[in-house]
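The chain contents come next:
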Amino acid sequence: MSFRFVNPFFLLLLAVIPLLIWRYYKMRQRLDGSIRFSAASLLKSINPSFLAKYSYIPFLMRMVTLVLLIIAFARPQAGMREEDILTEGIEIFIVLDNSGSMRAEDFKPENRLGAAREKVRKFIEGRKNDRIGLVIFAAKSYTRCPLTLDYIVLKDFLSKVDFTPREDDGTAIGMGIATAVKRLKESRAKSKVIILLTDGRNNRGQITPQTAAELARNSKIRIYTIGVGTKGEAPYPVDDPILGRRYVMLPEEIQENVLMEIADKTGGMYFRATDRDALGEIFSRIDSMEKTRIEMKAHVSYRELFSHLFLPACLLFLSEMVLVAWKFSGAP
């Protein structure tokens, strides 16, 4: 809330009010007379008339009227501050590997896919005004959720991402990127981003990662690539119908040179996540680098208060006239 006077110079007239009050006081002193009585007890039984007791009321009403009129002609205005928020959102596709190798349990207490789902969910929760979509891939790629601002629905789709069936296993990195590029290339957003998470090498699909990266660059899409998995070997669960669950050591298969090439070609960046904490820090870095631009334009909308003062002043003036005519017209 703000307040202002359009014609503040009228307020200078308020300086006249104390002079008028002083003049009225002096006049009252001159008009007051004195009568000598032989005994003061004679005056106790005499009640002062209404005019004598409240003779100052018309003058007081006149002064209040004058103050209200002066302030009214100074044109007071009350304003409410309003803000127009202009956002320029980023459109982001999460491209998540859900192949069988993501079962490796080097991201305790979960496997790689479970840790990736958790960190992606936290990343989504930290975004505002950005449309985000989800693509999953193994031997084939699918759009699990198109670009949306409904993060509740998006997180629900994310929570249901599971490992691909054995017959569809493999790692088609190029196809995963191409699916997201197809969804993003028609977008009018000034900033378009793909975040790719994978733990394997490209071994399936008709489109190579390099070709997909070229498509992304032509569509002005940045790709951040994340290699998920410890260096060396990682424990991989194998469920035997007779012996139960056992673990074998899964060798590292991440093609870091390919992921670096994809990121470099599109203006993105490559990261390596070797544990849960590192994966969380990577998403925090991407979140800080890809900030939505927000502009705030503030303005104040004013409303006139002239009538709030002028009308009471008029009513007070009329009341004074009626009061003088009714009570103060005769002698005391």
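Details of the structure are given in the entry above.
Residues numbered from 1 in each chain as written. Predicted model: local features only at pLDDT ≥ 70, side-chain atom pairs only at ≥ 80, totals over all residues. Heavy atoms only, no water.

Chemist: For this particular structure, what's the right way to read the overall build of the protein?
Modeler: Within the protein, the secondary structure is distributed over ten helices and eleven strands. Going through the 332 residues of the protein one by one, you find that 40% of them count as buried. For the protein, the exposed area adds up to about 19500 Å²; of that, 57% sits on carbon and sulfur atoms. (Helix = DSSP H or I, 4+ residues; strand = E, 2+ residues; numbered from the N terminus. Buried < 20%, exposed > 50% of the residue type's maximum accessible area, 1.4 Å probe, protein only. Areas by Shrake-Rupley, 256 points an atom, 1.4 Å probe, with all protein chains shown as cover.)

Chemist: I'm lost on the nonpolar core in this one. Help?
Modeler: The nonpolar side chains of a soluble globular protein tend to be buried with one another. In terms of nonpolar packing, the biggest core is built from 33 residues, with I94, L134, I195, L197 and I226 touching the most fellow members. Elements with a minimum of two residues in this core: strand 3 (90-97), helix 4 (112-125), strand 4 (131-137), helix 5 (151-159), strand 6 (191-198), strand 7 (221-228), strand 10 (269-273) and helix 9 (276-289). When residues of this core are assigned to their parent elements, the largest contribution, six residues, is made by helix 4. With residues near it in sequence (within four places) discarded, I94 still touches V120, F123, I132, G133, L134, V135, I195 and L197. Counting 23 residues, the second largest nonpolar core, distinct from the first, contains A180, A213, A216 and A263. (Core = buried A, V, L, I, M, F, W, Y, C linked by side-chain atoms within 4.5 Å. Contact = heavy atoms within 4.5 Å.)

Chemist: Can you walk me through the sheet that holds strand 7 in this structure?
Modeler: Strand pairs in the sheet, formed through backbone hydrogen bonds, run parallel or antiparallel to each other. Across the sheet, six strands lie side by side as 5-4-3-6-7-10; this open sheet has mixed pairing. Here the strands that pair on one side only, and so sit at the sheet edges, are strand 5 (141-148) and strand 10. Averaged over all pairs of adjacent strands, the angle between their axes in this sheet comes to 15°, without regard to strand direction. Of the strand pairs in this sheet, strand 7 and strand 10 are connected by five bridges, and their pairing is parallel. Considered in strand 10, the bridge of V228 is made with A273. On top of the sheet, helix 8 (residues 256-266) reaches strand 6, strand 7 and strand 10; it is set at about 160° to strand 7, its chief contact. (Pairing = 2+ DSSP bridges. Axes fitted to C-alpha atoms, helices over the stretch in contact; angles between N-to-C directions.)

Chemist: Looking at this structure, I do not really get unusual backbone geometry. What am I missing?
Modeler: Most peptide bonds adopt trans geometry, and most residues besides glycine take a negative phi value. The omega angle of the peptide bond from K108 to P109 is 5°, so this bond is cis rather than trans. Considering the arrangement of structural elements, one finds P109 in the loop between strand 3 and helix 4. Positive phi, close to 55°, is recorded for R75, a residue that is not glycine. Following the sequence through the fold, R75 ends up in the loop between helix 3 (57-73) and strand 2 (76-88). Backbone geometry places N129, a non-glycine residue, at a positive phi of 65°. Assignment of secondary structure puts N129 in the loop between helix 4 and strand 4.

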